[in-house]
Amino acid sequence: MSQGALQPVLRALHRAEDALLAAALGSLLVLAVVQIVLRVGFDEGLAWAEAISRAGVLWLAMLGALGAARQQRHIAVDAIPRLLPDAAWRAVHVLTQFAAAALCGWAAWVGWGLMVSEREFPLPFVAGIESWVPMLVLPFGFGLLAVRFVLSAFAPRPIDEPAP
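Report follows, based on the coordinates. (Residues numbered from 1 in each chain as written. Predicted model: local features only at pLDDT ≥ 70, side-chain atom pairs only at ≥ 80, totals over all residues. Heavy atoms only, no water.)

## Overview of the pattern of salt bridges
Counted by the stated rule, this structure contains four salt bridges. For Arg-70, the salt bridge goes to Asp-18, with nearest N and O atoms at 2.8 Å. Note that Arg-70 is positioned in helix α2 (residues 49–70) and Asp-18 in helix α1 (residues 3–42), a separation of 52 residues in sequence. On the basis of relative accessible area, Asp-18 is assigned to the partly exposed category, the value being 38%. When salt bridges that share partners are traced, they join Glu-17, Asp-18, Arg-70 and Arg-148 into one network. (Salt bridge = Lys/Arg side-chain N within 4 Å of Asp/Glu carboxyl O. Helix = DSSP H or I, 4+ residues; strand = E, 2+ residues; numbered from the N terminus. Buried < 20%, exposed > 50% of the residue type's maximum accessible area, 1.4 Å probe, protein only.)

## Describing helix α4 (residues 137–152)
Compared with an ideal rise of 1.5 Å per residue, which puts 16 residues at 22 Å, α4 spans 21 Å between its outermost C-alpha atoms and is within 8% of the ideal. Within α4, the full set of buried residues consists of Val-137, Leu-138, Pro-139, Gly-141, Leu-145, Ala-146, Arg-148, Phe-149 and Ser-152. (Expected span 1.5 Å × (residues − 1).)

## Digging into the nonpolar core
The nonpolar side chains of a soluble globular protein tend to be buried, and buried together. Core analysis: the biggest nonpolar cluster contains 11 residues, these being Met-62, Leu-66, Ala-69, Ala-100, Ala-101, Cys-104, Val-137, Leu-138, Leu-145, Ala-146 and Phe-149. Contributing elements (two or more residues each) for this core: α2, α3 (86–120) and α4. By residue number, the principal contributor to this core is α4, which donates five residues. For Val-137, the residues in contact, after removing those within four places along its chain, are Leu-58, Trp-59, Met-62 and Phe-142. (Core = buried A, V, L, I, M, F, W, Y, C linked by side-chain atoms within 4.5 Å. Contact = heavy atoms within 4.5 Å.)

## Focus: the environment of Arg-90
With respect to the secondary-structure elements, Arg-90 resides in helix α3. C-alpha of Arg-90 to C-alpha of Ile-129: the two residues are 39 residues apart in sequence and 46 Å apart in space.

## Quick look at the packing of α2 against α4
It is at 9 Å that the axes of α2 and α4 come closest, and there the two elements cross at 5°. Relative to α4, the element α2 is oriented roughly parallel. Only Val-137, Leu-138, Gly-141, Phe-142, Leu-144, Leu-145, Arg-148 and Phe-149 of α4 make contact with α2, whose side of the interface consists of Leu-58, Trp-59, Met-62, Ala-65, Leu-66, Gly-67, Ala-69 and Arg-70. (Axes fitted to C-alpha atoms, helices over the stretch in contact; angles between N-to-C directions. Parallel < 35°, antiparallel > 145°, perpendicular 65-115°, else oblique.)

## A few points about the side chain of Gln-97
With respect to the secondary-structure elements, Gln-97 resides in helix α3. Within the structure, the side chain of Gln-97 is placed 3.1 Å from the side chain of Ser-152, a separation counted as a polar contact. Setting aside anything within four residues of it in sequence, one finds Gln-97 in contact with His-74, Phe-149, Ser-152 and Ala-153. (Polar contact = N/O pair within 3.5 Å; in protein donor to acceptor, adjacent residues only side chain to side chain.)

So this is what it looks like as structure tokens:
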């Protein structure tokens, strides 16, 4: 598949990621408002809402991190690289992106181990879902972040970061 043919696929994937992030955020907000109204107005609450909210925040954080990494807008120390000429910037950029990918790969490995450990002795999460299912975000989210950082290592220097 050529680079030009890949662009529409990537745009569709990015739109799907953004839509999933927006849906997750909207769902968590609606759930929180409903829970507040039920507790304050009716002295009731949804028994499963707290567990869903905790897991939802974890998923939301991972989806947000993936979006930030995709746009190279994640938290980074960038004062020194901005001062480097292109060749030195490239070397530092590749090194730091591979280091970030390695750390995310390690976190994915640890997350996989946690998920497998939880799967051996699962607890009920909500409505017949076992406790290991929400933990899938750890290995897959960090794994995707590792891939994003590897791909970012080969990205050109951002336009808003001119060479000195």
